[in-house]
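Inside the fold
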Amino acid sequence: MAMDRRDFLKIAGLTALLGIGGKTGFELLAPGAAEAALKDIPLTAGKKWGMALDVLLLDEEVMDACVEACHNHNNVPHIGNPKEEIKWIWKETYDHAFPGQENEYLAEAFKKKNFLLLCNHCTNPPCCRVCPTKATWKREDGIVMMDMHRCIGCRFCMAACPYGARSFNWGDPRKAPKELNPDFPTNREFPMRSMGVVEKCTFCAERLAKGLFPACVEAAAKVKPNALIFGDLDDPQSEVRGALRKRYSIRRKPELGTGPNIFYMI
Amino acid sequence: MLDKALKGSPRYWGWVVILLGLIGAGFGFYLYQFSEGLKITGMSRDVSWGFYIGQLTYFVGVAASGVMVVLPYYLHDYKAFGRITVLGEFLAVASIIMCGLFVMVDLGNLPRMLNIIIYPNPTSILFWDMIVLNVYMLLNLVIGWNVLSAEKKGMPYAGWVKVLVYISIPWAFSIHTVTAFLYAGLPGRHYWLTAIMAARFLSSAFCSGPALLILLCLIVRKFTRFDPGKEQIHTLGSIVTYAMILNVFFFALELFTAFYSQIPGHMHPIVYLFAGLEGHSRLVPWMWTAAFFAFVALLLLIIPATRRKIDVLAVACVCVVIATWIDKGLGLVIGGFVPNAFDRVFEYWPTFPEIMISVGVWATGFFVLTILYKVATSVKEEVAV
C-alpha cells in the first residue's frame, strides 16, 4: 500500500499523541476529536469503499483462501445443507454470476471458470430501503452495514437484494454440525448472532477501523498479490481507481440501478 | 353486547371448542418453530418467503374487500347492504388479525418485533403496511361495533362514526395497494416487478372477499334466524363476477407482456409455475387447478341463469376462493423467488409444522369471526323480533 509523506506525518502525529497521552490524554480530547483525527488514516477514511477483482488472477486456490479467511474471521459456520447455507463470499460460475450475459460461444476459459461473489455494497442499496428497522443501512464510507442484533428476521432485504448476498440464520449457528465446524466459533473477538437474523459481508468494517484490510483481501494477497484490490473509489489516486482506469471491468446487474461497487476486471 | 357470544347452542360451543383445539395445536407447533428456528419450514436461502407471507397477502385482500359492502351502502345509498355491512366489517377485522399473526409467525426474531416502532424506517413499505393494516382493523372494529350497538338500541349511530366510515373506504384500497408495493418495487424479482400488481391485488381481493362473504352469508342463513337477504347475495354475486373477470383479464395482460416481449426474466417464473423449469414442476398441478377453477367460476358467474341460482352461485364462489387462493397464497410468493437471483431453480414446499402453524392462525381468525358474527347475528335476531 502506497503512502505519501502527508499521510505518514498524520499517522506519526496521531500515534505520538495517543502514545504519549495514553488513556488520560485520550479522554482529555474534546468529544469526537480522536475520531476526527483517526479519519485521516487511509484505511479508516474511505468515502466509498469498493473492490476490483482481477478475474485473470482469481484461480480456485485464491478464491478458496478468500472464502475460508472470511468465514473464519466472521464466524460463519458450515451448515451442511445448501438450503440453509450462510455465505458472505462464495464461488459461482459465469452464467449464474452474470445471468443474461452468457452466450453459447463464450470463451472456453470463462465457461467453467468460477467467479468470487460478495455483497456489492451498492451505491443505491434496495436492501437498506426496505428494512423496516434500519438494521441494515448505508454508512458514510459506503459500506452496507448490518446490525445482526437489531434485525427482526423479516427477510425483506433478502427479497430486495438482486445479488443473493444476504443469508438468514434458519437455525441456531451455534448448533451447526460439530464435525463440519470443529473450531467453531473461529474468531472469539467477533460477535456471535442468534438464529432468525440476516447477515452479510460488511467489508470487515471492524478491521478497517483498525487500519487492516478486509480478511478476504488479506488472504488473497498472501496467495496472489493484486487479485483483490480494495480501496476508496472516491479517491482518484487510490490503487483501485488506478486498476479500473487500466482494465475493462464488468459489474453484476448494473441495469437495476443499484450501483454495485464490486468490479470484475476481465 | 359481548355477552351474546356466551350464550349459544351446543353446536356453537362444539365449533368453538374445535377452533380452540386447532389454535392450541398450532401454538404447540409454533413453540417448536420458536425453539428450532424457521429451518423447520420449507423456506430456504433461495425461497426466503413462503406459505406464511402468501397467507398474509391473501387475507389482506379479504380484509380490503369489506369495502365492497360498505361503499355501495354509504356512498351510493344502496339500502339493501345495510343489513350486511357489519358482516363485511367483522370479516375484515378477523382477516387482519390473521394477517398480523402470519407476519408474526414468519419473523425470525419475534421478541424484537417492536423494533419496527422503536426504529421506524419510512422508506420501508413493511413499516407502512403495519400502519395501514392496524388502522384499518381498528376502523372496522369501531365502526362495526358502534353501528351494531346503535341498531340494538334502535337509535341512529353517532355522527362521528360516519366520518370514520368515509375514512375507511379509501383506507381499504390503501391496505391492498401498500401490500402490493411490498412486492412491486423490488429490483430483480421479475414476477413481482409489474406496475399492475396493485390493480391485480385489488381485483383478486374484490372477487375472493365477496365470494367468501356470500358463503358466510349462506352459513349464517342456515345456522341462525338472521337472513342476510336474497337481493344482498345477488348483488354480491354481481360484484364477484365483475371483479373475477378483471382479475383474470389482468393476469392475461401479464402473460402478453412476458411472452410477446420474450424477455427471459419475465417469462421464467410463469413458465416455472405453469410448465415447470429445468425439471422442477412442483406447482404445475396447483396452478392448472387454479386455472381450471377460475374458468369454471367465470362460466358459472357470467351466465345469468346459473349466477341467479343461489346454489350454483355458492359453487361458483367456492371455485373463486380456490382459484384466487392458489394464485395469491401459493403462486405469487413462490413465483417471485423461482428462478433465484442466480437464475437457478430451487423449489419450495411447506412442511407439516408450517401447515399446522398456519392452521392455528386460520383457526384464530375463524374464532374471532365466529365470536363477532355470533354477536352480530344475535343482535339482528333480537331486533327483528
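Above this text you will find the structure in question.
A brief look at the structure comes next. (Residues numbered from 1 in each chain as written. Chains lettered and ligands numbered in written order. Predicted model: local features only at pLDDT ≥ 70, side-chain atom pairs only at ≥ 80, totals over all residues. Heavy atoms only, no water.)

1. As for the overall build of chain B
Looking only at helices and strands, one finds 14 helices and zero strands in chain B. Shown N-terminal to C-terminal, the secondary structure of chain B runs as helices and strands in the order α-α-α-α-α-α-α-α-α-α-α-α-α-α. Radius of gyration (C-alpha) of chain B: 21 Å, near the 21 Å computed for a compact globule of 385 residues. Along the three orthogonal principal directions, the C-alpha set of chain B runs to about 65 × 50 × 40 Å. Within the span of chain B, comprising 385 residues, buried residues form 58% of the whole. In chain B, of all internal contacts separated by at least 6 residues, the share reaching a separation of at least 24 is 78%. Per element, the accessible surface of chain B, about 15400 Å² overall, is 73% carbon and sulfur. A distance of 8 Å separates the average location of the 25 positive side-chain charges in chain B from that of its 19 negative side-chain charges. (Helix = DSSP H or I, 4+ residues; strand = E, 2+ residues; numbered from the N terminus. Rg over C-alpha atoms; globule rule 2.2 N^0.38 Å. Buried < 20%, exposed > 50% of the residue type's maximum accessible area, 1.4 Å probe, protein only. Contact = heavy atoms within 4.5 Å. Areas by Shrake-Rupley, 256 points an atom, 1.4 Å probe, with all protein chains shown as cover. Lys, Arg positive; Asp, Glu negative; His and termini not counted. Charge placed at Lys NZ, Arg CZ, Asp CG, Glu CD.)

2. Quick look at the sheet that holds strand S10 (residues 262–265) of chain A
Residue and element names in this part refer to chain A. Pairing is mixed in the open sheet, where four strands are placed in the order S8-S1-S10-S9. Of all strands in the sheet, those with a lone pairing partner are strand S8 (228–232) and strand S9 (249–250), marking the two edges. By the bridge criterion, two bridges tie S9 to S10 in an arrangement that is antiparallel. Counted as the bridge partner of Ser249 is Met265 from S10. Strand contacts of helix H9 (residues 215–223): strand S1 (49–54) and S8, with the helix running at about 135° to S8, the strand carrying the most contacts. Contacting S1, S8, S9 and S10, helix H10 (residues 239–246) crosses the sheet at an angle of about 120° to S8. (Pairing = 2+ DSSP bridges. Axes fitted to C-alpha atoms, helices over the stretch in contact; angles between N-to-C directions.)

3. Let's talk about unusual backbone geometry
A cis amide bond, omega -5°, links A:Phe184 with the succeeding residue A:Pro185. Its place among the elements puts A:Pro185 in the loop between strand S6 (167–168) and strand S7 (198–199). Here the amide bond leading from B:Val338 into B:Pro339 is cis, since omega sits at -5°, within 30 degrees of zero. Summarising the element assignment, B:Pro339 is placed in the loop between helix H13 (310–337) and helix H14 (352–384). Although it is not a glycine, A:Asn226 adopts a positive phi angle of roughly 75°. Tracing the backbone shows A:Asn226 in the loop between H9 and S8. A residue is classified by how much of its surface remains accessible, and A:Asn226, at 45% relative accessible area, is partly exposed.

4. Brief notes about the pattern of salt bridges
Once their charged atoms are close, side chains differing in charge can pair, the charge on each being opposite to the other. Residue and element names in this part refer to chain A. One pass over the full model with this rule turns up 18 salt bridges over all chains. A salt bridge links Glu60 to Lys91, with the shortest nitrogen-to-oxygen separation between them at 2.6 Å. Pair noted here: Glu60 is in helix H3 (residues 60–73) and Lys91 is in strand S2 (residues 89–93), with a separation of 31 residues, a long-range link. Relative accessible area serves as the criterion here: at 28%, Lys91 is assigned to the partly exposed category. Across the pair Arg193 and Glu199 runs a salt bridge whose closest N-O atoms are separated by 2.7 Å. What emerges from the salt-bridge pattern is a single network uniting Glu60, Asp64 and Lys91. (Salt bridge = Lys/Arg side-chain N within 4 Å of Asp/Glu carboxyl O.)

5. Details of a nonpolar patch on the surface
Residue and element names in this part refer to chain B. On the surface, a cluster of nonpolar side chains totalling about 350 Å² of accessible area is made up of Trp15, Ile18, Leu22 and Phe366. Summarising the element assignment, Trp15 is placed in helix H1 (residues 10–36). We classify Trp15 as partly exposed; its relative accessible area is 39%. (Patch = residues over 30% accessible without salt bridge, like charges linked within 9 Å, V, L, I, M, F, W, Y side chains within 5 Å.)

6. With respect to the nonpolar core
Judged by nonpolar contacts, the single largest core of 202 residues is most densely connected at A:Met51, A:Phe203, A:Leu228, B:Tyr183 and B:Trp192. Excluding its chain neighbours within four sequence positions, the residues that come into contact with A:Met51 are A:Leu118, A:Phe203, A:Cys216, A:Val217, A:Leu228, A:Ile229, A:Phe230, A:Val240, A:Asn261, A:Ile262 and A:Phe263. Ranked by size, the runner-up nonpolar core spans eight residues in total, among them A:Ile229, A:Leu233, A:Val240 and A:Leu244. (Core = buried A, V, L, I, M, F, W, Y, C linked by side-chain atoms within 4.5 Å.)

7. Describing the side chain of A:His96
The topology assignment puts A:His96 in helix H4 (residues 94–97). The contacts of A:His96, once residues within four sequence positions are left out, are B:Phe342, B:Asp343 and B:Arg344.

8. Considering the interface of chain B and chain A
Each side of the interface is counted separately: chain B has 41 residues, and chain A has 49 residues. One can count two salt bridges joining chain B with chain A. A salt bridge links A:Arg155 to B:Asp106; the shortest N-O distance between them is 2.7 Å. Here chain B and chain A share 27 residue pairs in polar contact (both at pLDDT 80 or more) between them. Elements with a contribution of two residues or more to the side of chain B that touches chain A: H1, helix H5 (115–118) and helix H6 (125–153) of chain B. Here the residues of the side of chain B that touches chain A are counted per class, giving 19 nonpolar, 13 polar and nine charged. (Polar contact = N/O pair within 3.5 Å; in protein donor to acceptor, adjacent residues only side chain to side chain. Nonpolar A, V, L, I, M, F, W, Y, C, P; charged D, E, K, R; others polar.)

9. Looking at the packing of aromatic side chains
Inspection of every chain in the model, using the stated rule, returns 37 aromatic pairs over all chains. Ring plane angle 75° and centroid distance 5.4 Å describe the contact between B:Phe173 and B:Phe206, whose orientation is recorded as edge-to-face. Here B:Phe173 is found in helix H7 (residues 159–184), whereas its partner B:Phe206 is found in helix H8 (residues 197–223), with 33 residues between them in sequence. Since its relative accessible area comes to 29%, B:Phe173 is described here as partly exposed. The exposure class assigned to B:Phe206 is buried, which follows from its relative accessible area of 8%. Ring pairing ties together the aromatic residues A:Phe156, B:Trp49, B:Tyr183, B:Trp192, B:Phe201 and B:Phe337, which thus form one cluster. The ring of A:Phe168 carries A:Arg155 above its face, with NZ or CZ at 5.0 Å from the centroid. (Phe/Tyr/Trp six-rings, centres within 6.5 Å; stacked < 30°, edge-to-face > 60°. Lys NZ or Arg CZ within 6 Å of the ring centre and 35° of its normal.)

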